[in-house]
Structure formats: C-alpha cells, structure tokens
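The chain contents come next:
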Amino acid sequence: MKKIFCIRHGLALHNVLFKVIKHHAYSDKYIDTPLVDEGVCQSEKLGLKWEQKKNIEIVFVSPLTRTIETALKIFKDTNIKIVAVEEIIEFSQGKEYCNLRKNKSVLKEKYPMIDFSLIEETPKYWNVDRRETLEELTKRDSVFKNFLLNRTEKKIAIVSHSTYLKQFLFNYVDSIDETKELKHCYPYEKNLITEMATESI
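**Q** How would you explain the environment of Glu-189 if you had to name every residue and give the values?
**A** Within the secondary structure layout, Glu-189 lies in strand 5 (residues 187–192). On a C-alpha basis, the gap between Glu-189 and Trp-50 in space is 13 Å, while along the polypeptide they are 139 residues apart. Apart from the residues within four sequence positions on either side, Glu-189 is in contact with Lys-3, Ile-4, Phe-5 and Leu-169. For Glu-189, the side chain forms a polar contact with the side chain of Lys-3, separated by 3.3 Å.

**Q** Would you mind going over the nonpolar core in detail, with residue names and values included?
**A** Ranked by internal contacts, the top residues of the largest apolar core, which has 23 residues, are Ile-4, Cys-6, Phe-60, Phe-144, Leu-148, Ile-158 and Phe-168. Elements supplying a minimum of two residues to this core: strand 1 (2–8), strand 2 (58–61), helix 5 (134–149), strand 4 (155–160), helix 6 (162–170) and strand 5. Sorting elements by how many residues they give to this core places helix 5 first, with five residues. Every residue in contact with Ile-158, bar those within four places of it in the chain, is listed here: Ile-4, Phe-5, Cys-6, Ile-7, Phe-60, Ile-88, Phe-144, Leu-148, Leu-165 and Phe-168. Grouped together as the second largest cluster of nonpolar side chains are 22 residues, Phe-5, Ala-84, Ile-119 and Val-159 included.

**Q** Explain the sheet that holds strand 4 to me, using residue names and the numbers behind them.
**A** Read across the sheet, five strands follow the order 3-2-4-1-5 without closing on themselves; strand pairing throughout is mixed. The open sheet has two edge strands with one neighbour each: strand 3 (81–84) and strand 5. Each strand axis lies, on average, 25° off the axis of its neighbour in the sheet, ignoring direction. Judged from the four bridges that link them, strand 2 and strand 3 form a sheet pairing that is parallel. Across the sheet, the residue bridging to Val-59 is Ile-82, located in strand 3. The sheet strands contacting helix 3 (residues 65–74) are strand 1, strand 2, strand 3 and strand 4, and the helix crosses strand 4 at an angle near 140°.

**Q** Which residues make up helix 5, and what values go with them?
**A** Its 16 residues place the ends of helix 5 23 Å apart at the C-alpha level, agreeing with the 22 Å of an ideal helix rising 1.5 Å per residue. The complete set of buried residues in helix 5 reads Leu-137, Arg-140, Asp-141, Val-143, Phe-144, Lys-145, Asn-146, Phe-147, Leu-148 and Leu-149. In the core, the buried residues of helix 5 are packed alongside strand 1, strand 2, strand 4, helix 6 and strand 5.

**Q** Can you tell me about the packing of helix 5 against helix 6, naming the residues and giving the values?
**A** Put simply, helix 5 and helix 6 touch, their axes get as near as 10 Å, and they point 65° apart. Between helix 5 and helix 6 lies a crossing of right-handed hand. The residues of helix 6 that touch helix 5, namely those facing Leu-137, Thr-138, Arg-140, Asp-141, Phe-144, Lys-145 and Leu-148, are Tyr-164, Gln-167 and Phe-168. Residues that form the contact of helix 5 with helix 6 fall into these classes: five nonpolar, two polar and three charged.

**Q** Before we move on, could you go through the side chain of Thr-70 and cite the residues and values that matter?
**A** Tracing the backbone shows Thr-70 in helix 3. If we ignore the near neighbours within four places in the chain, the residues touching Thr-70 are His-9, Gly-10, Leu-35, Ser-43, Val-159 and Cys-185.

**Q** So what's going on with the packing of helix 2 (residues 37–49) against helix 3? Residues and values would help.
**A** Interhelical geometry of helix 2 versus helix 3 gives an angle of 35° and a closest axis separation of 7 Å. Helix 3 is crossed by helix 2, and the crossing has right-handed handedness. Each of Val-40, Ser-43, Glu-44, Leu-46 and Gly-47 in helix 2 lies in contact with helix 3, whose residues at this interface are Thr-70, Lys-73 and Ile-74. Among the residues making up the contact of helix 2 with helix 3, the classes are represented as three nonpolar, three polar and two charged.

**Q** Any chance you could break down the environment of Lys-183 for me, citing the residues and the numbers?
**A** With respect to the helices and strands, Lys-183 occurs in the loop between helix 6 and strand 5. Not counting residues up to four positions away in its chain, the partners in contact with Lys-183 are Arg-8 and Tyr-188.

**Q** I'd love a proper account of the pattern of salt bridges, names of residues and values included.
**A** Under the counting rule described, the total for this entry stands at 15 salt bridges. For Glu-132, the salt bridge identified is with Arg-140, shortest N-O distance 2.6 Å. Where Lys-145 meets Asp-141, a salt bridge forms, and the shortest distance between an N and an O atom there is 3.0 Å. With Lys-145 and Asp-141 both in helix 5 and four residues apart, this pair spans about one turn of that helix. According to the relative accessible area criterion, Asp-141 is buried, its value standing at 2%. Among the ionic contacts, a cluster of salt bridges with common partners joins Arg-8, Lys-166 and Glu-181.

Criteria and thresholds
Residues numbered from 1 in each chain as written. Predicted model: local features only at pLDDT ≥ 70, side-chain atom pairs only at ≥ 80, totals over all residues. Heavy atoms only, no water. Helix = DSSP H or I, 4+ residues; strand = E, 2+ residues; numbered from the N terminus. Contact = heavy atoms within 4.5 Å. Polar contact = N/O pair within 3.5 Å; in protein donor to acceptor, adjacent residues only side chain to side chain. Core = buried A, V, L, I, M, F, W, Y, C linked by side-chain atoms within 4.5 Å. Buried < 20%, exposed > 50% of the residue type's maximum accessible area, 1.4 Å probe, protein only. Pairing = 2+ DSSP bridges. Axes fitted to C-alpha atoms, helices over the stretch in contact; angles between N-to-C directions. Expected span 1.5 Å × (residues − 1). Left-handed = near helix turned anticlockwise from the far one by under 90°. Nonpolar A, V, L, I, M, F, W, Y, C, P; charged D, E, K, R; others polar. Salt bridge = Lys/Arg side-chain N within 4 Å of Asp/Glu carboxyl O.

Here it is as structure tokens:
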C-alpha cells in the first residue's frame, strides 16, 4: 500500500483576481499565475509544521509556476527529489490561461532544482481551440495513478491543483468553481493499493 499526500498549491494570483473580476482572471492576461505573498506564507507554514514531511520519499509536482513555488517552499530544507509530471497539471487544459505552463527549457532555467525529465518541451495537454473534457481529465488521472503504482516509493507527496486533486482523491469533479475548492496547502491523504498497472507515463 502506498500513502499519498495531496497538497493544493498556495494562494495564487488568479485565485485573488477571481474574487474581483470572476472568470476574466482566466484570460490570456494572466498566464501561468504565480503565488501571491499569502500563498508563499501558506507554503512556508506547512513546511514548518507538517510532521509527515520527514517521511516523504519523493515529490511529484505539476509543472505550473504556482505549484513549483509551493513545493520548493514546503521542501526547501530537505533533500527530497521533486519531479515535474504533466498528468497532474490543472484542469482544464485549454481556454483557462492560468493553467498554461511555460516551455520546459524556460522552467529548467528558472528552477534548476526540479527534475523536468518526464515532461515534454511544450505543454502536452493544452488545446488552443477548446477546453479539455472531463473524460480527458479522467484518462490522464488514470495514467498517473498507474504510474504511481509502478513506483517503489511508499510515501509520496503530490503538489497539484484543486480540480485535479478532486479527481485524484474522489474520482469525481462535482464543481469547477472557485468557491468550492480544496484548501490551500493542506495535506489530504489517500492510500493506493498496489495492483497491476496497465499504463505508464
């Protein structure tokens, strides 16, 4: 059995803007939004108080700025490997520009301490013409879960996003709504029972 700790990123710019300008916060004016000061503080606070952190063997992080910044703040005083994985990027991939990541070469230069070997140069799931469907989200979630089942580590942290993590944790996305999101920087737990994997990243 694997114990997975799922952490939503700290408060980010589009989260703050949504309260003021609603869905305009997802426009192409706000691409790959970073953490705001409160989000940085949330990340650092979890890093200081989270007792299970010392048991984590590896961290998988979404390749968006807000999740990378969160992971680096939480695990800054450790030698735990942090690996970017495309499959845990936020939903939807398409139309919501806060969820459009930078190219791999840019990320590698900005965050050399992160392992980007599992992602491609350009965003894998982004579609300029339409929104990603719930069926497509479910498929990439399945790919990631099978990837985890093939890993040797038993205690794993995931730093990702509210909508993706609702799919990962509950296999159900009840609402894509900023008012019904998971808590920022809170470690939700999930157990994965080891079984034969059918897909991998």
